[in-house]
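# Topology and contacts: notes
One-letter residues, chain by chain:
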Amino acid sequence: MKGFHDELSQKTYREMPSSLQAAGKVMLHIERFEVGQSYVTAKVEDRNGDKVSINIEGGLTGIDLQENLFRLQGRTPKFAYVTATINETGKLLVRKLPVLGVKDWLLIYEDDLFLLAVKDAYDEVEIVAV
């Protein structure tokens, strides 16, 4: 890693809990983003080999988790830490997002992740729900 994307990433990284404290953790490999009018989508494969949709939008800040990815067993974590390494710079983008709920697909609402996805600037996202 060559540092952090911004000061917020550095601050948020320091407060991230260990994996042992997490309600769920996933690493998603994204082959390609599809750009819509105000969102980007991608298909990822879950641990069962099923294709799952993710949607990244700007504006509202938060995340809707997808049950099959996280094995929540009826629990709803309060926050999720989302981490992505920017391909061109190798710098780490880290955000702490409030969990808004659980849906049939993964929805991430965060401006920087959205703008970087439009540019296809990262291809992996790690999400730690706590």
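Described in the following lines is the structure provided in the data block. All of these numbers come straight from a predicted model, not from anything done at the bench.

### Regarding the overall build of the protein
The secondary structure content of the protein amounts to 3 helices and 9 strands. When the helices and strands of the protein are listed from N to C terminus, the series reads α-β-β-β-β-β-α-β-β-β-α-β. The C-alpha radius of gyration computed for the protein amounts to 14 Å, which stays within 12% of the reference 14 Å derived for 130 residues, consistent with globular compactness. Dimensions of the protein along its principal axes, counting C-alpha atoms only, are 35 × 35 × 25 Å. In the form shown here, the protein has an accessible surface area of approximately 7,300 Å², with 46% of it arising from carbon and sulfur atoms.

### Regarding the pairing of strand β5 (residues 62-66)
The side chains of a regular strand alternate between both faces of the sheet. β5 sits mainly inside the fold: 5 of its 5 residues count as buried. Burial along β5 is two-sided: the residues Gly62, Asp64 and Gln66 and Ile63 and Leu65 are all buried. Pairing geometry for β5 and strand β8 (residues 106-109), over 3 bridges, is antiparallel. Looking across to β8, one finds that Gly62 is bridged to Tyr109. Looking at chain direction, β5 and strand β7 (residues 92-103) are connected through 4 bridges and run parallel. What sits directly across from Leu65, in β7, is Val102.

### Some remarks on the environment of Val94
Among the structural elements, Val94 can be located in strand β7. Separated by 85 residues in the primary sequence, Val94 and Ser9 have C-alpha atoms spaced 4.4 Å apart.

### Observations concerning the sheet that holds β5
Across the sheet, which stays open at both edges, the 9 strands sit in the order β1-β9-β6-β7-β5-β8-β4-β3-β2 with mixed pairing between neighbours. Sheet topology places β1 (24-29) and β2 (34-35) at the edges, where each strand pairs with a single neighbour. Sheet topology places β2 next to strand β3 (residues 39-45); 2 bridges connect them, and they run antiparallel. The residue bridging Val35 from the neighbouring strand is Val40, located in β3.

### Focus on the pattern of salt bridges
Where side chains of opposite charge bring their charged atoms close, a pairing between them can arise. Counting across every chain of the model gives 6 salt bridges. One salt bridge in this structure joins Arg32 and Glu34, with 2.5 Å as the shortest N-O distance. A relative accessible area of 58% places Arg32 in the exposed class. For Glu110, the salt bridge is made with Arg95, and the minimal N-O distance between the two is 3.2 Å. Of the two residues, Glu110 sits in the loop between β8 and α3 (111-118) while Arg95 sits in strand β7, which places them 15 residues apart along the sequence.

### Remarks on the packing of aromatic side chains
Summed over the entire model, instances satisfying the criterion amount to 2 aromatic pairs. Both rings, one in Phe4 and one in Tyr13, keep their centres 5.3 Å apart while their planes meet at 55°; by these two values the pair is tilted. Its guanidinium or amino end placed over the ring of Phe79, Lys96 lies 4.2 Å from that ring's centre, counting from NZ or CZ.

What counts and how
Residues numbered from 1 in each chain as written. Predicted model: local features only at pLDDT ≥ 70, side-chain atom pairs only at ≥ 80, totals over all residues. Heavy atoms only, no water. Helix = DSSP H or I, 4+ residues; strand = E, 2+ residues; numbered from the N terminus. Rg over C-alpha atoms; globule rule 2.2 N^0.38 Å. Areas by Shrake-Rupley, 256 points an atom, 1.4 Å probe, with all protein chains shown as cover. Buried < 20%, exposed > 50% of the residue type's maximum accessible area, 1.4 Å probe, protein only. Pairing = 2+ DSSP bridges. Salt bridge = Lys/Arg side-chain N within 4 Å of Asp/Glu carboxyl O. Phe/Tyr/Trp six-rings, centres within 6.5 Å; stacked < 30°, edge-to-face > 60°. Lys NZ or Arg CZ within 6 Å of the ring centre and 35° of its normal.

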